[in-house]
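Examination of the molecular architecture
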Amino acid sequence: MYCRLSVNVQLLSRVDHLISVSRNSFKPPPKVESSVVRIEPKYPPPPINFEEWDGLVRLCFLRKNKTLSAIFRFKNVLKMLQANFLQYKKLTALGSGAKPEE
């Protein structure tokens, strides 16, 4: 099952499945299966802007049971992405000393 948490954990760490744990190991037995996993942080962490990454992942999981193509067809999502891209271009142009494009 994928969600924002699992995507971010896989980005920032290495995850290994160690063992499966039977329902019968718990009192009362849960309605789900359990596992033991090892999570080791990646060092150094990936060189990304985490706020931008989390914003993109948040968009991807915006609507339950929707495909990515359906999510990126929403007009408000497209407008937000375009505005963010234009802001990015302005910031990178200002940082390099070049004249920003309009």
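Description of the structure in this document. Quick caveat, the model's predicted, so the values are computed rather than measured.

**Examining the packing of helix α1 (residues 4-12) against helix α2 (residues 50-60)**
In a pair of packed helices, the angle between the axes and the distance between the axes together describe the arrangement. Two numbers describe how α1 lies on α2: the axes approach to 10 Å, and their chain directions differ by 145 degrees. Two packed elements cross with a definite hand, and for α1 against α2 that hand is right-handed. Contacts from Arg4, Val7, Asn8, Leu11 and Leu12 of α1 reach α2 at Phe50, Trp53, Asp54, Val57 and Arg58.

**Details of the environment of Lys89**
Structurally, Lys89 is set in helix α4 (residues 75-96). As for Lys89 and Val37, which are separated by 52 residues in sequence, their C-alpha atoms are 41 Å apart.

**So, the state of the cysteines**
In total, this model carries zero disulfides according to the counting rule given. Cys60 provides the cysteine sulfur closest to Cys3, a residue in no disulfide bond, and the two sulfurs are 13 Å apart. Exposure remark for Cys3: the relative accessible area of 29% places this residue in the partly exposed category.

Definitions and cut-offs
Residues numbered from 1 in each chain as written. Predicted model: local features only at pLDDT ≥ 70, side-chain atom pairs only at ≥ 80, totals over all residues. Heavy atoms only, no water. Axes fitted to C-alpha atoms, helices over the stretch in contact; angles between N-to-C directions. Helix = DSSP H or I, 4+ residues; strand = E, 2+ residues; numbered from the N terminus. Left-handed = near helix turned anticlockwise from the far one by under 90°. Contact = heavy atoms within 4.5 Å. Disulfide = S-S within 2.5 Å. Buried < 20%, exposed > 50% of the residue type's maximum accessible area, 1.4 Å probe, protein only.

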